[in-house]
Amino acid sequence: MATWQDFEHAAPDLAPAVRARFEANKHHVLATLRRDGSPRVSGTEVDFIGADLTIGSMEGAMKARDLQRDARFALHAHPGDETMEGGDSKISGRAVEITDEVELAAWVADLPQPPPGPFHAFRLELEQVVHTTVGDDHLWITSWRPGEPVRRIRRL
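Residues numbered from 1 in each chain as written. Predicted model: local features only at pLDDT ≥ 70, side-chain atom pairs only at ≥ 80, totals over all residues. Heavy atoms only, no water.

K.L.:
Explain the pattern of salt bridges to me, using residue names and the numbers behind them.
P.N.:
Applying the stated criterion across every chain yields a total of eight salt bridges. Residue glutamate 23 is joined to arginine 19 by a salt bridge in which the shortest nitrogen-to-oxygen separation is 2.9 Å. Here arginine 19 and glutamate 23 lie together in helix H2 (residues 15–24), a separation of four residues that amounts to about one turn. Glutamate 45 serves as the salt-bridge partner of lysine 26, at 3.9 Å between the closest nitrogen and oxygen. Of the two residues, lysine 26 is situated in the loop between H2 and strand E1 (28–33) and glutamate 45 in the loop between strand E2 (39–44) and strand E3 (46–49); the sequence distance between them amounts to 19 residues. According to the relative accessible area criterion, lysine 26 is exposed, its value standing at 54%. (Salt bridge = Lys/Arg side-chain N within 4 Å of Asp/Glu carboxyl O. Helix = DSSP H or I, 4+ residues; strand = E, 2+ residues; numbered from the N terminus. Buried < 20%, exposed > 50% of the residue type's maximum accessible area, 1.4 Å probe, protein only.)

Take a look at the structure:
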């Protein structure tokens, strides 16, 4: 697993494109696993804070409960319009709940606005990042995993 900062250092050409997709829109789609193992998708917002990519959740929300039980997640950036301008980005890994009071207070202090009520906060540990673009009449899939070089595949 890797932090967002680890990803930026390992893939300096890919990281800005992925970050731009997550910053282009406020709402994204988070996939978690229900108690029975079936998938659940939820809307979420992301924040880049320090070395980390993070998400928050209302206290007791199903996505938070899912992540507390099974930390695996997939996160799809809002795809924008039908042009795919800027590409399409997805991240998967494990979500670690921030429970240390000092770390949680620092997280809240770095947010643009504090949460409006009780909440959960999660730091996202990255296992895979994928960025897909269209160009030259091809689909380009660029991916990264910790400890591996960036891979770029062309699909017709």
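K.L.:
If you had to explain the side chain of histidine 138 to someone new, which residues and values would you point to?
P.N.:
The residue histidine 138 is located in strand E8 (residues 138–144) in this model. Among the polar contacts listed, one links the side chain of histidine 138 to the side chain of arginine 154, at a separation of 3.5 Å. (Polar contact = N/O pair within 3.5 Å; in protein donor to acceptor, adjacent residues only side chain to side chain.)

K.L.:
So what about the nonpolar core? Which residues, and what values?
P.N.:
Membership of the largest hydrophobic core comes to 25 residues, with the highest contact counts inside it found for Trp4, Phe7 and Ile91. If you list the elements that add at least two residues to this core, you get helix H1 (4–10), H2, E3, strand E4 (52–58), helix H3 (62–69), strand E5 (72–76), strand E6 (88–97) and strand E7 (119–135). When residues in this core are grouped by element, the largest group, four residues, is from E7. Once residues within four sequence positions are removed from consideration, isoleucine 91 is found in contact with Trp4, Val18, Phe22, Leu53, Phe73, Ala74, Leu75, Leu126, Gln128 and Val129. (Core = buried A, V, L, I, M, F, W, Y, C linked by side-chain atoms within 4.5 Å. Contact = heavy atoms within 4.5 Å.)

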